[in-house]
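Reading the structure
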Amino acid sequence: MKSWKACIFAFFLLLSFSGSAQDVHFSQFYMNPVYLNPALTGNFEGDWRFSANQRSQWRSVSRPFNTIALSAENKEELLLPGLYHGINLFHDAAGDGNFRTIEMNVSTAFDIPLDLDSAHTITPAVQIGFNHRRIDFTQLNFDNQFNGFYYDPDLPTMETFETASRTGLSLSLGVAYKWQIEPRKKIVAGLGWFNIPQAKQSFYGNELIERDRRVSFHAKGGYDLNFEWDLQPGLFMQFQGTYREIVFGSNVRYIYKDKKGEYIAPYAGLWFRNRDAIYAVVGAYYNNWIAGVSYDVNLSQLAPASNVRGGLEFSLQCMLHVFKPSNIQHRICPDYL
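In this report, we go over the structure that sits alongside the text.

Cut-offs used in this document
- Residues numbered from 1 in each chain as written.
- Predicted model: local features only at pLDDT ≥ 70, side-chain atom pairs only at ≥ 80, totals over all residues.
- Heavy atoms only, no water.
- Helix = DSSP H or I, 4+ residues; strand = E, 2+ residues; numbered from the N terminus.
- Buried < 20%, exposed > 50% of the residue type's maximum accessible area, 1.4 Å probe, protein only.
- Contact = heavy atoms within 4.5 Å.
- Polar contact = N/O pair within 3.5 Å; in protein donor to acceptor, adjacent residues only side chain to side chain.
- Core = buried A, V, L, I, M, F, W, Y, C linked by side-chain atoms within 4.5 Å.
- Salt bridge = Lys/Arg side-chain N within 4 Å of Asp/Glu carboxyl O.
- Phe/Tyr/Trp six-rings, centres within 6.5 Å; stacked < 30°, edge-to-face > 60°.

1. With respect to the overall build of the chain
Across its full length, the chain carries 3 helices and 16 strands. Across the 337 residues that make up the chain, the buried fraction comes to 44%. Sequence-distant contacts, at least 24 apart, represent 56% of the contacts inside the chain between residues at least 6 apart.

Now the structure itself:
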């Protein structure tokens, strides 16, 4: 039973050696804004936003695939009004060969109001960094090491890998549109264009194999149903080479407390990923913090090998407000007063 599961997994792993691989993704895409679209840098209320995401999947097929992402954004307009900056980092480890991907980017977004009350804004952005991929071939087993009776690690693999790591430039562009209708009623949508330089990918030395460009579209809204309940629908689509991903669904938020500087609002939702998975989300807003957890149930052709198990994902955000004392200028009273 385990052998055929390993064969299925090996097929997908082989694709990453010889073909273009798919970028990492998160089910709670809206909780990783800088990776989702560089134009979402600074799209929050406050001066700083810190985000953390962790995802684990395919535990029943091989070693778990683990992805960790971190980001920090500043909205203090240090250089120009409406100019925001951010940095994001992710680390992904996949399978028995410790196939690792590390990527770090810095992003800059410029918020442009389209009307006097800033209800409509458009935000272009640029993101630049590097992508590094590495694998440990000594941790892998190959069919040529089977001597007809048992696996013999001393036999040659007969594989010719020219390198065990690749590093390339990462450059992305994005644009986002926001319509803030009311405090609890808004729409945010955007487009992102990633992997523009198309870094080389092959460990076999085939320079024709490049990292495919990725195009993404996202939209998420908020609508107050009444004083206590909010509907938060969303749509996410991305296209990379032959890969297609479409995610849609909604969260529902219940405002438990919103007074005297204390805000508590739990939420839950149901989301669908086309031809792949269905997943549930639960979480809560607590003052300047947002935390969420989701679990994917795999429905794709890999379901027999994965035992219908998918991915467990955690997310955490923190918004900080920097205290800025008022600069009060005192006038010297004249002598006759």
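2. Overview of unusual backbone geometry
Unusually for a residue other than glycine, Glu77 sits at a positive phi of about 55°. The residue Glu77 is located in the loop between strand 2 (65-74) and strand 3 (83-94) in this model. Taking the relative accessible area as the measure of exposure, Glu77 reaches 36% and is therefore partly exposed. Unlike most non-glycine residues, Asn98 shows phi in positive territory, near 50°. Summarising the element assignment, Asn98 is placed in the loop between strand 3 and strand 4 (99-110).

3. Looking at the side chain of Gln232
Looking at the element boundaries, Gln232 is found in strand 10 (residues 229-240). Reaching out from Gln232, the side chain makes a polar contact with the side chain of Tyr285 at a distance of 3.3 Å. If near-sequence neighbours (up to four positions away) are discounted, Gln232 is found in contact with Lys220, Gly221, Ser250, Asn251, Arg253, Trp271 and Tyr285.

4. Brief notes about the nonpolar core
Grouped together as the largest cluster of nonpolar side chains are 23 residues, with contacts concentrated most on Phe29, Tyr30, Val247, Trp271, Val281, Tyr285 and Ile290. Looking at this core, the elements that each hand over two or more residues are strand 13 (262-273) and strand 14 (277-286). It is strand 13 that contributes the most residues to this core, 4 residues altogether. Trp58, Ala94, Ile135 and Leu140 belong to the second largest nonpolar core, which has 9 residues in total.

5. Overview of the pattern of salt bridges
All chains considered together, the criterion is met by 14 salt bridges. In this structure, Arg166 and Glu207 form a salt bridge, with 3.5 Å as the shortest nitrogen-oxygen distance. Within this pair, whereas Arg166 is found in strand 7 (residues 165-182), its partner Glu207 is found in the loop between strand 8 (185-194) and strand 9 (214-224), the two being separated by 41 residues in sequence. A residue is classified by how much of its surface remains accessible, and Arg166, at 15% relative accessible area, is buried. Between Arg273 and Glu245 there is a salt bridge, with the nearest N and O atoms lying 3.0 Å from each other. Remark: Glu245 occurs in strand 11 (residues 243-254) and Arg273 occurs in strand 13; sequence separation between them is 28 residues. The burial state of Arg273 is the same as that of Glu245; both residues are buried. Through salt bridges that share partners, Arg55, Glu245, Arg273, Asp276, Asp296 and Glu313 make up one connected network.

6. Some remarks on the environment of Gly311
Looking at the element boundaries, Gly311 is found in strand 16 (residues 309-320). Considering only alpha carbons, one finds Gly311 and Ala277, 34 residues apart in sequence, at a separation of 9.5 Å. For Gly311, the contacting residues outside a window of four places in its chain are Arg55, Ser56, Gln57, Ser294, Tyr295 and Asp296.

7. Here's the deal with the packing of aromatic side chains
For any two aromatic rings, the description comes down to two numbers: the centre-to-centre distance and the angle of the planes. Counting across every chain of the model gives 13 aromatic pairs. Judged by centre distance (6.0 Å) and plane angle (90°), the rings of Phe137 and Phe203 are edge-to-face. Separated by 66 residues along the polypeptide, Phe137 in the loop between strand 6 (120-134) and strand 7 and Phe203 in the loop between strand 8 and strand 9 bring together distant segments of the chain. Owing to a relative accessible area of 16%, Phe137 belongs among the buried residues under this scheme. Summarising the aromatic geometry, the rings of Phe248 and Phe272 are spaced 5.6 Å apart at their centres and angled 25° between planes, so their arrangement reads as stacked.

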